Amino acid sequence: MKNIAVIGSGTMGNGIAHVFAQNDYKVSLIDISPEALEKALKTIEKNLDRQLSKGKISEDLKSQTLHNITTFSSLEEGLKDIDLVVEAATENVELKLKIFAQIDQICQENTLLASNTSSISITKIAAATQRPDKVIGMHFMNPVPVMQLVEVIRGYATSDEVTSRIMTLSEKLGKIPVEVNDYPGFVANRILMPMINEAIYTLYEDVSGVTQIDAVMKLGMAHPMGPLQLADFIGLDVCLSILKVLYEGFGNPKYAPCPLLVNMVTAGKLGVKSGEGFYSYAHGTKDLIVADNFKK
């Protein structure tokens, strides 16, 4: 596999494209928005410059990485002669089903189809195609160029051969793949999201404040980032979406999203991406400043 298509040029998509291109794969980065593609290339170059300044890559590797990426705003053009498609669109089940039905019709018979979904059933996604044995999950962690883990999720029909090929491919990217089966939230988010939800409940019930809750988890449990700051970083809308998948998938009230989280997403307070969540990010510094609604 040398020719890779990445669908979606947002935070995860541009990170996935970056990693493949840096490891000398030819990458077609596809997005319906030319502006989003332009922004993605600037982000990739900025991240490469950061690696360069730290001595992790050479100037030649930076240039070659950028050279390996070609952008497209059309699926038909971007999916020509592709060995593997990695879908990294918004975490929305209807959108993903639509995309997989389309790419199944466009791609060659032997092309493998992967989703970077963080919680949606690979089996359900695969059912939108005529090649369920060739559909698999590749759940990269954010930021993709830095984080080593890739959750490799087997759908109900995913073949042993395809799983083995994706595990090997992940290792060639310098990642550590972990094979998991297809149940709501997989492993990472089945464990992480209830913790984040419980932290939000702890704030909602006025047990403690934003910085205090995060401090307890950082100082007491050695987490590099507190759960409320992490929720802001992931995106509160994404957290809510994953919790809904868990709640609907298991029918267990322990996964029910905290009302405070629901209200914040409804109000457009999504975390870093919107400039405000539990913390404020509109001040232009790296300092953690609690959002006005949560100041005591």
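Just above sits the structure.
Rules used in this analysis
- Residues numbered from 1 in each chain as written.
- Predicted model: local features only at pLDDT ≥ 70, side-chain atom pairs only at ≥ 80, totals over all residues.
- Heavy atoms only, no water.
- Axes fitted to C-alpha atoms, helices over the stretch in contact; angles between N-to-C directions.
- Helix = DSSP H or I, 4+ residues; strand = E, 2+ residues; numbered from the N terminus.
- Parallel < 35°, antiparallel > 145°, perpendicular 65-115°, else oblique.
- Left-handed = near helix turned anticlockwise from the far one by under 90°.
- Contact = heavy atoms within 4.5 Å.
- Phe/Tyr/Trp six-rings, centres within 6.5 Å; stacked < 30°, edge-to-face > 60°.
- Buried < 20%, exposed > 50% of the residue type's maximum accessible area, 1.4 Å probe, protein only.
- Lys NZ or Arg CZ within 6 Å of the ring centre and 35° of its normal.

J.: Explain the packing of helix H11 (residues 236-250) against helix H12 (residues 259-266) to me, using residue names and the numbers behind them.
T.: For any two helices packed against each other, one specifies the inter-axial angle together with the distance between the axes. The geometry of H11 relative to H12 is characterised by a closest axis approach of 9 Å and an angle of 130° between their N-to-C directions. Classed by the angle they form, the pair H11 and H12 counts as oblique. Both H11 and H12 take part in a crossing whose hand is left-handed. Where H11 abuts H12, its residues Leu236, Asp237, Cys239, Leu240 and Leu243 lie against Leu261, Val262, Met264 and Val265.

J.: Quick rundown of the packing of aromatic side chains? Include the residues and the values.
T.: Per the stated rule, a full pass over the model turns up 4 aromatic pairs. Centroid distance Phe20 to Tyr25: 5.5 Å. Interplanar angle 90°. Geometry classified as edge-to-face. Among the residues examined, Tyr25 registers a relative accessible area of 6% and is labelled buried. Arranged with centres 6.1 Å apart and planes meeting at 70°, the rings of Tyr201 and Tyr204 form a pair that is edge-to-face. Here the residue Tyr201 and the residue Tyr204 both occupy positions in helix H8 (residues 188-204), the gap between them amounting to 3 residues, near one helical turn. What makes Tyr201 partly exposed here is its relative accessible area of 22%. Here the guanidinium or amino end of Lys2 rests over the ring plane of Tyr25, the centre of that ring lying 4.6 Å away.

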